[in-house]
Amino acid sequence: MISARKVQNVGGGGKSVGDIQGTYRGQSITIIRDTNPSAIQLASAIAGFEATRQKLRPPILQRHVVSKKIFKEKEKILATYTERLGQNKQTRQYKEVFAELSRQRYKQEYRGEEQQDALRDALLYKVAENFGEVTEQDNVLEYAIATHTLEREVLETEIVQAKKIIEFFTNPPPHTINIGFANSERIKWGEKLAALEDSLRTGDAFKTQLLRARELLQKTHKQAIRDGYNLIPKATAVLNQGYGDGGTQSAISLAVSYRDEVLKMVNPLDVFETFIKRQEKKRESFRPYVDSMIALFGIDIASSNPSRSQEELRNIRDGLFCIEICGQIYDSVGALGRNTRRMFPKNISPKQPR
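Note that the structure is a prediction, hence the values are computed from the model and not measured. (Residues numbered from 1 in each chain as written. Predicted model: local features only at pLDDT ≥ 70, side-chain atom pairs only at ≥ 80, totals over all residues. Heavy atoms only, no water.)

## As for the packing of aromatic side chains
Heads up, the rule is: Here a Phe, Tyr or Trp ring, Trp counted by its six-membered ring, pairs with any other such ring whose centre lies within 6.5 Å, and the pair is stacked when the planes are under 30 degrees apart, edge-to-face when over 60, and tilted otherwise. Think of it in three bands: with a 1.4 Å probe and only protein chains considered, a residue is buried below 20% of the maximum accessible area for its type, exposed above 50%, and partly exposed in between.
As enumerated under the stated definition, the model contains six aromatic pairs in all. For the ring pair F168 and F169, a centre distance of 5.3 Å and an interplane angle of 75 degrees mean the geometry is edge-to-face. Here F168 falls in the partly exposed class, since its relative accessible area comes to 37%. Given the relative accessible area of 11%, F169 is considered buried. Taken together, the ring pairs connect Y81, Y94, F98, F131 and Y143 into an aromatic cluster.

Here it is as structure tokens:
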């Protein structure tokens, strides 16, 4: 006969009966409720782990996806460098040029230490082939360096993860994984680790040559690149105000003309002659040209970072005034020529002598 001294019942469908203590034929007994372990708890116990709790996985759209984060970071870098020079419409070209540059590092002719100068020159050639202005070339190289830095961080993370997986399959928990499967996985991840480390080495050499290419470009065109970064945003502001030749002129071409023709002006007539030679090929109008140059000069001299000293800019202002006078005379002579051609068309034969 059982004599119960303490009975603790917990409601809930009769499944929870609590602990029962009592005596049976004079002997004290204790009956403790013991539930059957779940499959997860049982598997964890066999593997030598203790299951504590199970977390519900978030929906797929709420999970943290590394590749999505990397894509956003790359797009942010791209926007930074294209907006810097007002080249938002050239994002595709920036990506294509970076892909061309990246492919150079995998070519066998550039893998050795003695071929690194050739790799640097090849990178410069590819950039110059796609972008004709030195400031654009410098900007693309900076974009490539920043994008490669991000890709290197991703590679380093993948290498750390691969090493952890190899360590796990090298010493798997007992009674959990088949030895043959563990060995095959260890070999597979070892090959992947070797490929990742090779990509890291070639990537470091690639970045070194990108830096050397940019250094050589800036050494060769230091002042032109500096002027470009200074003037292109100002030229964008001028074109946004409605100056130029009706929207076909780009901010870069306006800034380059101002830099190479106006800022280097020695004789105003030389600038005018240069325009006449270019006009014969491009059919460019002088009035929009000189108006845009004067507007850009006004923004330049009034800015906090003028491209030249105040004395130099004052001399340039006088030169622009002379160029404007030349333009007015040029327009007047052109109008006179057009009127003369209308009055004496070519299809009228000369008068015969009497």
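## Brief notes about the packing of helix α3 (residues 91–104) against helix α4 (residues 116–130)
The criterion, for reference: Angles run from 0 to 180 degrees between N-to-C directions of axes, and those axes are lines fitted to C-alpha atoms, restricted for helices to the stretch in contact. Each helix is a run of H or I in the DSSP string that is no shorter than four residues. Each strand is a run of E no shorter than two, and both are numbered from the N terminus. Angle categories: roughly parallel below 35 degrees, roughly antiparallel above 145, roughly perpendicular from 65 to 115, and oblique for all the rest. Helix crossings get a hand from a simple test, with the near helix turned counterclockwise from the far one by less than a right angle marking a left-handed crossing and a clockwise turn marking a right-handed one. By definition, residues are in contact when any of their heavy atoms lie within 4.5 Å. Each residue is assigned to one class: nonpolar for Ala, Val, Leu, Ile, Met, Phe, Trp, Tyr, Cys and Pro, charged for Asp, Glu, Lys and Arg, and polar for all the others, Gly among them.
Running from N to C, α3 and α4 point in directions that differ by 160 degrees, and their axes come no closer than 10 Å. As the angle between them shows, α3 and α4 are arranged roughly antiparallel. Here α3 and α4 pass one another in a crossing that is right-handed. Residues Q93, V97, E100, L101 and Q104 of α3 lie in contact with α4, whose contacting residues are L119, A122, L123, K126, V127 and N130. Per-class residue counts for the contact of α3 with α4 are six nonpolar, three polar and two charged.

## Concerning α3
To be explicit about the condition: An expected span of 1.5 Å times one less than the residue number is assigned to each helix. Picture the helix axis, draw a direction to every C-beta atom, and the arc is the one those directions span.
Its 14 residues place the ends of α3 21 Å apart at the C-alpha level, agreeing with the 20 Å of an ideal helix rising 1.5 Å per residue. The complete set of buried residues in α3 reads Y94, V97, F98, L101, S102 and Q104. Projected onto a plane normal to the axis of α3, the buried residues spread over an arc of 150 degrees and lie on a single side.

## Quick notes on the side chain of S257
Note that S257 resides in helix α8 (residues 251–262). Judged by its relative accessible area of 14%, S257 falls in the buried class. Discounting residues that sit within four places of it in the chain, S257 has contacts with V262 and M293.

## Some words on the pattern of salt bridges
Rules: Any Lys or Arg side-chain nitrogen located within 4 Å of an Asp or Glu carboxyl oxygen qualifies as a salt bridge.
Following the criterion strictly, the structure yields 22 salt bridges and no others. The closest approach of N and O atoms between D138 and R214, which form a salt bridge, is 3.4 Å. Residue D138 is located in helix α5 (residues 134–170), and its partner R214 is located in helix α6 (residues 179–220); the two are separated by 76 residues in the primary sequence. Overall, the relative accessible area of 22% leaves R214 in the partly exposed class. The residue R152 makes a salt bridge to E156 at a minimum N-O spacing of 2.1 Å. You can see R152 and its partner E156 sitting in helix α5, four residues apart, about one turn around the helix. By sharing partners, the salt bridges in this structure join R84, D138, E142 and R214 into a single network.

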